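Okay, here's what each chain looks like letter by letter:
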Amino acid sequence: MASLATVLCFLTLPIVAIFVDTGPLELLASLREDGALEALRLSVVCSAIAIGIIVLVGTPAAYLLATRRFRGRATVVTLIEIPLVLPPAVAGIGLLAALGPNGLLGSLIDDAGIELVLTTAGVIVALTFVSAPFFLRQAQSAFEALDRTWLDASRTLGASEPRTFLAVAIPTAGPGLISGLALAWGRALGEFGATLMFAGSFRGVTQTVPLAIYQDFSTDFTGALALSAVLVAVSAALLLSVKLLGGSEWLGGAAR
Amino acid sequence: MRARRRVLPLAALLLVAGLVLAGCGGDGGPPRAPDASKPTLTVSAAASLKKAFTAYGKEFQAADARFSFAGSDELAAQIRQGVKPDVFAAANTKLPDQLFAKGLVEKPTVFAGNRLVLAVPAEGGKVTSLTDLERQGVTVAIGAPSVPVGSYTRTVLGKLPASRSRAIMANVRSEEPDVAGIVGKLTQGAVDAGFVYVSDVRGTDGKLETIELPDEAQPSVAYGVALVKGAKQPTQAEAFIDGLVSGPGQRQLEAAGFEPPPSG
């Protein structure tokens, strides 16, 4: 019991402090500043696009990983999960080494006329890289937990493989997929290091909320706190809506 | 499958442990064990001081110096929030003076100067002069307004005709939190040019080249250092600061390309 109380206090105290330090009025006032709104807009747009890409490409990939058995599958699963434990700074330097102007694919990307480094597109790349494994992992567990006989029944009844995937697998694995989406989105909203190293920090272009908080911290602690409070609120709203959508399945999905 | 899933992480863990151990033994001599007899001196210092201070720290005998390098503004903000390193060294005199006025540090001392320059990649650069920065399609990295290097940069640009400084600002692609970020963007080829200190360019071992700024545009770059009030090791902190003003610290600063404190 005491340990639970300790855990609870330790994990909630910093969040409580953010709200105690900033009154609701200050919070609103800080939001009216151009920089804050621009950062918020950029964070929401970039993370939403990143999540869109992750869900579109990641869902079928996770389904294949969960339902097919092939040589090297365990290795593939491990490789995909590596970014999960990668420090963000390592992710940033890795992205530069791979996709930067002097990177492995740098000239290829340049020849294609694509600009990633220090652009909004670069922010989306960084967010996608760091948050994709959170969704993939969760989606894979959700698909693995499916009752195979349902999928077989669908196939026996003449449904094609894509149709089985869309009409049976996705709806049944829904809660697990949504919880994966929330985890990935939360990670994307909070991304700092990889974004700073790969995409830089420029107001309205690459400066997401965490970067704006870091920059404000040195000159305007109250402003930085207020912006943090907004990020906490957005993330909490995300978590809550997912819990409501996913219902009681949410916890089960998260724990496999 | 189940069994393999268990073996794989174990193998990976062993691999990681092996790499870490190999890394520890890699730098020649025996690993530097923390000396129990020596006190630990914590120094918060501007990112541009990294090379000089790290070298000075190895020479410094009175204590085991530990450094925290970041933008001077971030370090000052930490001190305002109650963080107490023993020594605070900034890339300007404004931040230590402000902290002194608030009673958070002792009276600051100016210990070094530096020069702001335009840095460009040594090879294949698009920029060969300050004027080139105004061309469309050229990309530039500068410091954020609150970090000293960013504020010096804005001073320089402010001395140019408004149309020229506007053209340069329009080419800025990133406002980095510290000088290390600007150097990183430059060495990775992410930008064509950046405003940094001359000592930063020297620290890249030839990866970057310097384009001097016109004398009339050059800001006076002075580094201030102060003993933090409530420091745990005030005696060692004093000794550290003394060595910066004249002694091994000053020599390391010179070796790293710093200049003597600007007069006046």
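For the structure itself, consult the block above.
Residues numbered from 1 in each chain as written. Chains lettered and ligands numbered in written order. Predicted model: local features only at pLDDT ≥ 70, side-chain atom pairs only at ≥ 80, totals over all residues. Heavy atoms only, no water.

*Asks:* An account of the nonpolar core is requested, with residue identities and associated values reported.
*Replies:* If you look at the biggest cluster of nonpolar residues, it comprises 77 residues, and the most contacted ones within it are B:Leu49, B:Phe53, B:Phe111, B:Leu133 and B:Phe195. Broken down by element, the residue count for this core peaks at five residues, all from strand β5 (residues 116–121) of chain B. In contact with B:Leu49, not counting residues within four places along its chain, are B:Phe69, B:Ala89, B:Phe111, B:Tyr223, B:Leu253 and B:Phe258. Of all hydrophobic cores here, the second largest spans 19 residues; its members include A:Leu146, A:Val168, A:Ala173 and A:Leu177. (Core = buried A, V, L, I, M, F, W, Y, C linked by side-chain atoms within 4.5 Å. Buried < 20%, exposed > 50% of the residue type's maximum accessible area, 1.4 Å probe, protein only. Helix = DSSP H or I, 4+ residues; strand = E, 2+ residues; numbered from the N terminus. Contact = heavy atoms within 4.5 Å.)

*Asks:* So what about the interface of chain A and chain B? Which residues, and what values?
*Replies:* Counting from both sides, the interface comprises 20 residues of chain A and, opposite them, 24 residues of chain B. With both chains or domains summed, chain A and chain B bury close to 2,100 Å², and 56% of this area falls on carbon and sulfur atoms. Among the residues of chain A in contact with chain B, A:Leu118, A:Phe202 and A:Ser218 are the three that bury the most area, contributing 26% of the side total. At the junction of chain A and chain B, the tally comes to zero salt bridges. (Buried area = accessible area lost by both parts, 1.4 Å probe. Salt bridge = Lys/Arg side-chain N within 4 Å of Asp/Glu carboxyl O.)

*Asks:* Lay out unusual backbone geometry in plain terms, naming residues and giving numbers.
*Replies:* The phi dihedral of A:Leu118 is positive, around 65°, even though this residue is not glycine. One can find A:Leu118 in the loop between α6 (106–111) and α7 (120–144). Of the residues examined, A:Leu118 reaches a relative accessible area of 3% and is grouped as buried. Its identity is not glycine, yet B:Asp205 carries a phi of approximately 55°, on the positive side. For B:Asp205, the location among the structural elements is in the loop between α8 (198–202) and β9 (208–211).

*Asks:* An account of a nonpolar patch on the surface is requested, with residue identities and associated values reported.
*Replies:* All names here are of chain A. Together, Val45, Ile49, Ile53, Leu56 and Val57 make up a nonpolar patch on the protein surface, roughly 460 Å² of accessible area in all. With respect to the element layout, Ile49 can be found in helix α3 (residues 34–67). On the basis of relative accessibility, which here comes to 39%, the residue Ile49 falls in the partly exposed class. (Patch = residues over 30% accessible without salt bridge, like charges linked within 9 Å, V, L, I, M, F, W, Y side chains within 5 Å. Areas by Shrake-Rupley, 256 points an atom, 1.4 Å probe, with all protein chains shown as cover.)

*Asks:* Explain the packing of aromatic side chains residue by residue, including any values.
*Replies:* On inspection of all chains with the given rule, the structure shows 17 aromatic pairs over all chains. Between A:Tyr63 and A:Phe143, the ring centres sit 5.1 Å apart and the planes meet at 80°, which makes this aromatic pair edge-to-face. Separated by 80 residues along the polypeptide, A:Tyr63 in helix α3 and A:Phe143 in helix α7 bring together distant segments of the chain. By the burial criterion, A:Tyr63 is buried, and A:Phe143 matches it. Following the ring pairs from residue to residue traces out a cluster consisting of B:Phe53, B:Tyr56, B:Phe60, B:Phe67, B:Phe69, B:Phe111, B:Tyr152, B:Tyr197, B:Tyr223, B:Phe240 and B:Phe258. (Phe/Tyr/Trp six-rings, centres within 6.5 Å; stacked < 30°, edge-to-face > 60°.)

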